[in-house]
Amino acid sequence: MDSGVEFVATDNPHANKLTIHILAAVAEHEREAISERTKAALAAAKARGKKLGGPRLALARRASIKARSEAADAFAANVRPIIKEIQASAQSPRGLSATGF
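Reading the values: the criteria
- Residues numbered from 1 in each chain as written.
- Predicted model: local features only at pLDDT ≥ 70, side-chain atom pairs only at ≥ 80, totals over all residues.
- Heavy atoms only, no water.
- Patch = residues over 30% accessible without salt bridge, like charges linked within 9 Å, V, L, I, M, F, W, Y side chains within 5 Å.
- Areas by Shrake-Rupley, 256 points an atom, 1.4 Å probe, with all protein chains shown as cover.
- Salt bridge = Lys/Arg side-chain N within 4 Å of Asp/Glu carboxyl O.
- Lys, Arg positive; Asp, Glu negative; His and termini not counted.
- Charge placed at Lys NZ, Arg CZ, Asp CG, Glu CD.
- Helix = DSSP H or I, 4+ residues; strand = E, 2+ residues; numbered from the N terminus.
- Buried < 20%, exposed > 50% of the residue type's maximum accessible area, 1.4 Å probe, protein only.
- Expected span 1.5 Å × (residues − 1).
- Polar contact = N/O pair within 3.5 Å; in protein donor to acceptor, adjacent residues only side chain to side chain.

### Brief notes about a positive patch on the surface
Link 1 in the chain: Residues Arg 48, Lys 50, Lys 51 and Arg 56 make up a contiguous surface patch of positive charge.
Link 2 in the chain: As for its position among the elements, Lys 51 is in the loop between helix H1 (17-47) and helix H2 (57-89).
Link 3 in the chain: Relative accessible area serves as the criterion here: at 71%, Lys 51 is assigned to the exposed category.

Right, dumping it as structure tokens:
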């Protein structure tokens, strides 16, 4: 609006400058009201003892380590019989040893 460029709102093609100014003023008022409500709600939560913000990194790390460990254990359980079978069938000294790869 400040640039002076004429435009047509596709969702309201009959809107004129007055209508746009009124809608902009209402939107600005609502933005301020939302900000005030949010600040009040956060202050109330803080007053109740709620810890606000901040990621829970220690909890996320523990969950990640547990999930990766379980996935690794499941993979090992699936692969172990195959490795044992290959080790049992190795006939040359250059084959897989019975103690590892």
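### Overview of H1
Link 1 in the chain: Under the 1.5 Å per step criterion, the end-to-end length of H1 is 45 Å for 31 residues, consistent within 8% with the ideal 45 Å.
Link 2 in the chain: Within H1 the residues assigned to the buried category are Ile 20, Ala 33 and Ala 45.
Link 3 in the chain: Between the side-chain oxygen at the start of H1 and the backbone nitrogen of Leu 18 there is a gap of 3.1 Å, and the oxygen is on Asn 16.
Link 4 in the chain: In the segment just after H1, Gly 49 is the residue with positive phi, at about 95°.

### Examining the pattern of salt bridges
Pairs can form between side chains of opposite charge once their charged atoms are near each other.
Link 1 in the chain: Using the criterion set out here, one finds three salt bridges in the structure.
Link 2 in the chain: Between Glu 6 and Lys 17 there is a salt bridge, with its nearest N and O atoms 3.9 Å apart. Linking Glu 6 in the segment before H1 with Lys 17 in helix H1, this pair joins segments that are 11 residues apart in sequence. Residues Glu 6 and Lys 17 agree in their burial class; the two are exposed.
Link 3 in the chain: A salt bridge links Glu 32 to Arg 31, with the shortest nitrogen-to-oxygen separation between them at 3.8 Å.
Link 4 in the chain: Owing to a relative accessible area of 51%, Arg 31 belongs among the exposed residues under this scheme.

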